[in-house]
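# Coordinates in review
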Amino acid sequence: MKIACCFLFGLIFIRCKTDAPILPVVSGNNVSQNRSVTDAQFEFIVILDKASTSEVSFDYVTQAGTAIATKDFISSSGTLTIPAGNMTGSISIMITGDSTRKANQDFLVALSNPKNCKLQNDHLTGTIVNDDGLYYPVENTGYTTPNQYAGYTLAWNDEFTGKTINTNNWSFESGNNNGWGNQELEYYTGRSQNAFVSQGYLIIEARAEAFSGYSYTSARMITEGNKSFRFGRVDIRATLPQGKGIWPALWMLGDNINTVGWPACGEIDLMELLGQEPNKVYGTLHWGASPVGQSYGTNKVLSTGTYADSFHVYSMIWTQSSIELLIDDISYFTMNTTDDQPFNLNFFFIFNVAVGGNWPGSPDATTTFPQRMIVDYVRVFQ
């Protein structure tokens with residue numbers, strides 16, 4: 001009798017275990033998405049492997065990885081509920097807008113406390129793609145110039161098309177080089193974070209970040225050894241950065257600088273700007289014996305707005321007897337040149353954004369970073 005009762009109880013116990021419902025399994029997608037300059041949603045889709053006759057729910061919470069809460073994404077937590085009979089749901093996480101070039105960043109959406117379901121994994125991963133090759137949006141407004149002139153032939157140009165800077169035209173100077181003779185504060189890196197092309201524009205980006213013992217990074221690009229020129233017309237279309245301590249320049253040095261030194265090699269500053277005076281551009285020539293030499297220059301002040309608001313074209317008309325500088329085809333500087341000056345020899349281009357230095361001074365609390373100089377094209381006509 002006892003044996004029969006035990007046997008019957010065992011059968012009932014086995015039958016109860018066998019009849020227990022099999023819970024649906026929750027899986028979800030990881031999200032990898034390009035970052036925008038404005039806030040945007042990452043949508044994580046979760047799926048049940050089968051419909052449930054009961055309501056399904058689980059908790060979620062964001063966790064920082066290389067992406068940081070508030071700076072890169074908005075912290076979020078809650079409970080996702082999937083009604084009975086349904087098989088999908090979603091979790092939305094807000095990604096903050098940013099236009100700073102950097103490595104891709106990850107964060108987690110941790111999952112826990114499942115009810116009427118099982119979790120296939122305990123987290124989902126979000127990847128913020130910061131560098132997608134079509135990166136920085138540019139508002140193409142302002143002055144422009146033609147790609148041909150009567151009496152001239154286009155000898156060389158860079159329109160900054162493609163996805164990388166053309167190394168047949170440009171190389172990078174790196175380091176701080178004892179402040180480049182000006183007590184500058186930046187470290188020139190040559191990294192894609194500091195100089196890159198995007199949708200037909202060159203962008204040189206000065207950033208406030210610790211790098212190799214310095215507090216700022218930027219880029220200094222040169223055509224030395226690749227492209228150099230003597231005489232003709234030069235057009236450079238650009239928008240300029242601004243802010244205390246920011247010092248962008250579009251300029252040229254003589255090819256023989258490594259032989260005769262500066263300023264004997266000559267320097268042509270088509271454009272220099274002090275960030276605290278964003279409506280004033282300087283044009284200057286330097287030459288003569290070291291260490292100071294001689295210089296002659298002037299400036300052009302906009303009647304309204306700043307040189308950061310839209311594109312302007314910085315031009316030079318260069319002959320054997322004179323150099324004339326123009327902004328938007330309006331002349332504001334002319335100097336007669338002679339054979340005892342270096343301006344009848346070949347010169348190469350330098351594009352850079354310096355931070356700090358004797359002339360602009362250091363950035364202060366009003367200076368925002370990153371700051372960018374955007375170049376649409378450089379064209380040389382001869």
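A brief structural summary. Just so you know, these numbers come straight off a predicted model, no measurement behind them.

Right, let's talk about the overall build of the protein chain for a bit. Within the protein chain one finds two helices and 26 strands. Computed over its C-alpha atoms, the radius of gyration of the protein chain comes to 31 Å, more than 25% above the 21 Å expected for a compact globule of 382 residues. Here the C-alpha coordinates of the protein chain stretch approximately 125 × 45 × 40 Å along the principal axes. Pairs at least 24 apart in sequence give 71% of the contacts found in the protein chain among residues at least 6 apart. With the model as given, the accessible surface of the protein chain reaches about 18100 Å², and the carbon-plus-sulfur share is 51%. When the 23 basic and 35 acidic side-chain charges of the protein chain are each reduced to a single mean position, those positions are 12 Å apart.

Turning our attention to the pairing of strand 6 (residues 88-95). On strand 6, burial follows the alternation: G89, I91, I93 and I95 on one face are buried, whereas T88, S90, S92 and M94 on the facing-out side are not. In this sheet, strand 6 lies alongside strand 3 (residues 40-48) in antiparallel orientation, the contact comprising eight bridges. The partner of V46 across the bridge, within strand 6, is G89.

For the rest of this paragraph, the subject is the nonpolar core. Of all hydrophobic cores here, the largest spans 49 residues; its most connected members are I268, F349 and F351. Ranked by residue count, the leading element in this core is strand 25 (residues 347-355), at five residues. In this structure, F42, L48, F73 and I128 belong to the second largest nonpolar core, which totals 22 residues.

Spatially, the five strands line up as an open sheet ordered 2-9-7-4-5, and their pairing is mixed. Edge positions in the open sheet fall to strand 2 (31-34) and strand 5 (77-82), since each of these has one partner strand only. Shown here is a sheet whose adjacent strand axes are inclined to one another by a mean of 25°, direction ignored. In this structure, strand 4 (residues 56-64) lies alongside strand 7 (residues 105-115), joined through seven bridges in antiparallel fashion. From the neighbouring strand, A64 faces strand 7, where its bridge partner is F107.

Okay, the packing of aromatic side chains next. For any pair of aromatic rings, geometry is given as the distance between the ring centres together with the angle between the planes. By the definition in use, this model includes 25 aromatic pairs. Ring centres of Y282 and W359 lie 4.9 Å apart, and the angle between their planes is 65°; on these two criteria the pair is classed as edge-to-face. A residue pair is termed long-range when its members are at least 10 positions apart, and Y282 in strand 20 (residues 280-287) and W359 in the loop between strand 25 and strand 26 (371-381) qualify at 77 residues. W359 gets classed as partly exposed once you look at its relative accessible area, which sits at 38%. An aromatic cluster is built from W156, F160, W170, F229, F349 and F351, whose rings are joined through pairwise contacts. Its guanidinium or amino end placed over the ring of W180, R220 lies 4.1 Å from that ring's centre, counting from NZ or CZ. Directly above the aromatic system of Y377 lies the positively charged group of R379, at a separation of 3.5 Å from the ring centroid.

Let's shift gears to the pattern of salt bridges. Taken as a whole and judged by the stated rule, the model has eleven salt bridges. For R207, the salt bridge goes to E205, with nearest N and O atoms at 3.6 Å. Grouping residues by exposure puts R207 and E205 together as buried. The salt bridge involving E205 is made with R372; its shortest N-O contact spans 2.8 Å. With E205 in strand 14 (residues 201-211) and R372 in strand 26, this residue pair connects regions lying 167 residues apart in the sequence. R372 shares its class with E205; the two are buried. Via salt bridges that share partners, R191, E205, R207, E209 and R372 belong to a single interconnected network.

Further remarks concern the layout of surface pockets. Of the volumes computed, that of the largest pocket is approximately 740 Å³. Residue lining of the largest pocket: 28 residues in total, with W180, N182, W251, W262 and E267 positioned closest to the centre. If you list the elements that add at least two residues to the lining of the largest pocket, you get strand 16 (220-222), strand 18 (246-254), helix 2 (257-260), strand 19 (267-272), strand 20 and strand 25. In terms of lining, the second largest pocket is formed by 17 residues, of which the most central are Y136, T239, A308, R372 and I374. When residues in the lining of the second largest pocket are grouped by element, the largest group, three residues, is from strand 26. For the lining of the second largest pocket, the residue count by class is nine nonpolar, five polar and three charged.

Thresholds, definitions, all that
- Residues numbered from 1 in each chain as written.
- Predicted model: local features only at pLDDT ≥ 70, side-chain atom pairs only at ≥ 80, totals over all residues.
- Heavy atoms only, no water.
- Helix = DSSP H or I, 4+ residues; strand = E, 2+ residues; numbered from the N terminus.
- Rg over C-alpha atoms; globule rule 2.2 N^0.38 Å.
- Contact = heavy atoms within 4.5 Å.
- Areas by Shrake-Rupley, 256 points an atom, 1.4 Å probe, with all protein chains shown as cover.
- Lys, Arg positive; Asp, Glu negative; His and termini not counted.
- Charge placed at Lys NZ, Arg CZ, Asp CG, Glu CD.
- Buried < 20%, exposed > 50% of the residue type's maximum accessible area, 1.4 Å probe, protein only.
- Pairing = 2+ DSSP bridges.
- Core = buried A, V, L, I, M, F, W, Y, C linked by side-chain atoms within 4.5 Å.
- Axes fitted to C-alpha atoms, helices over the stretch in contact; angles between N-to-C directions.
- Phe/Tyr/Trp six-rings, centres within 6.5 Å; stacked < 30°, edge-to-face > 60°.
- Lys NZ or Arg CZ within 6 Å of the ring centre and 35° of its normal.
- Salt bridge = Lys/Arg side-chain N within 4 Å of Asp/Glu carboxyl O.
- 1 Å grid on protein atoms, 1.4 Å probe; cavity = no way out; pocket = protein on both sides within 12 Å on 5 of 7 lines; lining within 4 Å.
- Points joined across faces, edges and corners; volume = space filled by probe spheres on them.
- Nonpolar A, V, L, I, M, F, W, Y, C, P; charged D, E, K, R; others polar.

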